[in-house]
Amino acid sequence: MQESPINRLEQLALSVTRGIGSIWSVIIHTILFGTAFISILLGAELDRVLLILTTIVSLEAIYLSIFIQMSVNHQAKAIASVEKEIDEIAEDVEEISHDVEEIQEDVEGIAEDVEEIQEDVEEISHDVEEMQVDIDEIQEDVEEIAEDVEEINEGEDTASAKK
């Protein structure tokens, strides 16, 4: 896609503005002004040299002010674009902050659930211990009954043998 003539002119204006703000611009202007004053010393008419120098400097000032204003406008667009991006980032940060708050609430809820589960596990463990004690007692009772049954069987066997 070709660049439009306006964009090329804007790029040229920005390049000129950068160039005018360089050390080379200072050197070139110093040489030109020095040459103008040296030409007066070499015999050129003072009024004519000053008229030409004033005209050139005035035209240069007009064009520089236009170029500088174009550069300022370009910078204003760039700043507006950056401000828009900053606003979007701020919105994203706000959304993320809200999401973090929701996650924090979820984590707190999970922590409460874990505590409840831990309490339930402790209760179940206690119940299992009580059941184990009951099972041990039943086991002892079964063993005693088994011993009693054996004694009864032995007593019957002995009584049958005596008959």
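Residues numbered from 1 in each chain as written. Predicted model: local features only at pLDDT ≥ 70, side-chain atom pairs only at ≥ 80, totals over all residues. Heavy atoms only, no water.

1. A closer look at the overall build of the protein
Here is step 1: Across its full length, the protein carries three helices and zero strands.
Here is step 2: The linear arrangement of helices and strands in the protein, starting from the amino end, is α-α-α.
Here is step 3: In terms of overall dimensions, the protein is more spread out than a globule: its C-alpha atoms have a radius of gyration of 51 Å, far above the 15 Å expected for 163 residues.
Here is step 4: With the C-alpha coordinates of the protein rotated into their principal frame, the extents come out at 170 × 35 × 25 Å.
Here is step 5: For the protein, with 163 residues in total, the buried portion stands at 6%. (Helix = DSSP H or I, 4+ residues; strand = E, 2+ residues; numbered from the N terminus. Rg over C-alpha atoms; globule rule 2.2 N^0.38 Å. Buried < 20%, exposed > 50% of the residue type's maximum accessible area, 1.4 Å probe, protein only.)

2. Re helix α2 (residues 23-41)
Here is step 1: The first and last C-alpha atoms of α2 sit 27 Å apart over 19 residues, in line with the 27 Å expected at 1.5 Å per residue.
Here is step 2: Just past α2, the residue G43 takes up positive phi, approximately 115°. (Expected span 1.5 Å × (residues − 1).)

3. Regarding the confidence of the model for the protein
Here is step 1: Across the protein, the average pLDDT comes to 89, with 94% of residues at 70 or higher.
Here is step 2: Per-element averaging of pLDDT across the protein places helix α1 (residues 5-20) at the bottom with 79 and α2 at the top with 92. (pLDDT = per-residue confidence, 0-100.)

4. Here we look at the side chain of S25
Here is step 1: By the secondary structure assignment, S25 is in helix α2.
Here is step 2: On the basis of relative accessibility, which here comes to 10%, the residue S25 falls in the buried class.
Here is step 3: Of the polar contacts made by the side chain of S25, one reaches the backbone oxygen of I20; its length is 3.2 Å.
Here is step 4: Setting aside residues up to four positions removed in sequence, S25 forms contacts with G19 and I20. (Polar contact = N/O pair within 3.5 Å; in protein donor to acceptor, adjacent residues only side chain to side chain. Contact = heavy atoms within 4.5 Å.)

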